[in-house]
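# Chain and residue survey
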Amino acid sequence: MNPDRIAMIGIMEYFSAIWPACEMQARWACKVFAGKVTLPTKEDMIKDIEKNPKYIGTAAQYVVALPYLDDIAEFIGVKPNFWKLLISDPKLAYAFEYGPMFPYFYRLQGPNAWSGARDAIMNAKDNLTYGTRRYRANIKTEKMSEDY
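Residues numbered from 1 in each chain as written. Predicted model: local features only at pLDDT ≥ 70, side-chain atom pairs only at ≥ 80, totals over all residues. Heavy atoms only, no water.

## Some thoughts on the overall build of the protein
What counts, and what does not: Helix and strand definitions here come from DSSP, where helices need a minimum of 4 consecutive H or I residues and strands a minimum of 2 consecutive E residues; each element is numbered from the N-terminal end. Only protein chains enter the accessibility calculation, which uses a 1.4 Å probe. A residue is then buried if its area is under 20% of the maximum for its type, exposed if over 50%, and partly exposed in between. Residue contacts are counted whenever heavy atoms from the two residues lie within 4.5 Å of one another. Using a 1.4 Å probe, the Shrake-Rupley method yields the accessible areas, and only the shown protein chains count as cover for residues.
Across its full length, the protein holds seven helices and two strands. Starting at the N terminus and ending at the C terminus, the protein contains elements arranged as β-α-α-β-α-α-α-α-α. Taken across its 148 residues, the protein has 24% of its residues classed as buried. Long-range pairs, those at least 24 residues apart, make up 57% of the contacts in the protein with a sequence separation of at least 6. Of the roughly 11,700 Å² of accessible surface on the protein, a fraction of 56% belongs to carbon and sulfur atoms.

Structural data, given as structure tokens:
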């Protein structure tokens, strides 16, 4: 067994939806396994943990979503740059800065970018409420049977 080829995906107490974190961890692990990125040394990792317990939330041992995802995204080269977005696409930059956090943000640029990420972000509200919209159906109303 080679411990350099083991990744523990989603094994944490996460203070948000777990699936975006699992996806980001899996992307990171795949890049490490493929040799496209290298991990810091064990000593550097321990020093960083002791010096900056930045992922621990108010509840004991909880990982706070945004700083954690941003750090992994920056490490693998997929973290969006707000200032570039502001210049190239102000509406998207506004959604990025002031809207809810979507995992699609980490598919806007960098390796494995998704061409549909912008549309998914901009139409998220419509996608969320689509199933709750009212509709009219042409149903003839008939008196129900008393046997019913």
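## Topic: unusual backbone geometry
In the Ramachandran plot, N112 falls in the positive-phi region, its phi being about 60° despite a non-glycine side chain. Position of N112 among the secondary structure elements: in the loop between α5 (90-98) and α6 (117-122).

## Observations concerning the nonpolar core
For the record, the criterion: Nonpolar cores were defined as sets of buried Ala, Val, Leu, Ile, Met, Phe, Trp, Tyr and Cys residues, with membership established by side-chain atoms within 4.5 Å.
Counting residues in each nonpolar core, the largest one holds 12 residues, listed as Y14, A21, M24, V63, A65, Y68, L69, I72, A73, I76, V78 and Y106. Examining the composition of this core, we find that six residues originate from one element, helix α3 (residues 65-76), more than from any other. Once you skip the residues sitting within four places of it in the chain, L69 turns out to touch Y14, P20, A21, M24, M101 and Y106. L92, A95, F105 and I121 belong to the second-largest nonpolar core, a separate cluster that totals nine residues.

## Thoughts on the environment of F15
Here F15 shows up in the loop between β1 (13-14) and α1 (18-34). Taking the C-alpha atoms as reference points, F15 and A65, separated by 50 residues in sequence, lie 6.3 Å from one another. Residue contacts for F15: discarding those within four places in its chain leaves Y62, V63 and V64.

## Things to note about the pattern of salt bridges
Our working definition: Criterion for a salt bridge: a side-chain nitrogen of Lys or Arg within 4 Å of a carboxyl oxygen of Asp or Glu.
Summed over the entire model, instances satisfying the criterion amount to two salt bridges. E23 serves as the salt-bridge partner of R107, at 2.6 Å between the closest nitrogen and oxygen. Of this pair, R107 sits in the loop between α5 and α6 while E23 sits in helix α1, and the two are 84 residues apart along the sequence. Note on E23: relative accessible area 29%, which makes it partly exposed. The residue D89 makes a salt bridge to R118 at a minimum N-O spacing of 2.4 Å.

## Observations regarding the packing of α1 against α3
To keep it simple, the criterion reads: Where helices are involved, their axes are fitted lines through C-alpha atoms of the stretch in contact, as for all axes, and angles between N-to-C directions lie from 0 to 180°. An angle below 35 degrees is read as roughly parallel, one above 145 as roughly antiparallel, one from 65 to 115 as roughly perpendicular, and any other as oblique. Should the near helix be turned anticlockwise from the far one by less than a right angle, the crossing is termed left-handed; should it be turned clockwise, right-handed. For this classification, Asp, Glu, Lys and Arg are treated as charged, while Ala, Val, Leu, Ile, Met, Phe, Trp, Tyr, Cys and Pro are nonpolar and the rest, including Gly, are polar.
One way to put it is that α1 packs onto α3 with a least axis distance of 10 Å and a crossing angle of 25°. By the angle class used here, α1 and α3 are roughly parallel. For the pair α1 and α3, the sense of crossing is left-handed. Residue-level inspection shows P20, A21, M24, Q25, R27, W28 and K31 of α1 in contact with α3, the latter providing Y68, L69, I72, A73, F75 and I76. Looking at the contact of α1 with α3, its residues break down into 10 nonpolar, one polar and two charged.

## Some remarks on the side chain of R27
Put simply, the rule is: Counting rule for charge: Lys and Arg are taken as positive, Asp and Glu as negative, and neither His nor the chain ends is counted. By the criterion applied in these results, polar contacts are pairs of N or O atoms within 3.5 Å in which, for protein atoms, one can donate a hydrogen and the other can accept it, and in which residues neighboring in sequence qualify only through two side-chain atoms.
Along the chain, R27 turns up in helix α1. In this structure, R27 is buried with no salt-bridge partner, the nearest side chain bearing the opposite charge being E23 at 4.2 Å. Here P111 takes part through its backbone oxygen, which lies 3.5 Å from a polar atom of the side chain of R27. Apart from the residues within four sequence positions on either side, R27 is in contact with I76, V78, Y106, R107, P111 and N112.

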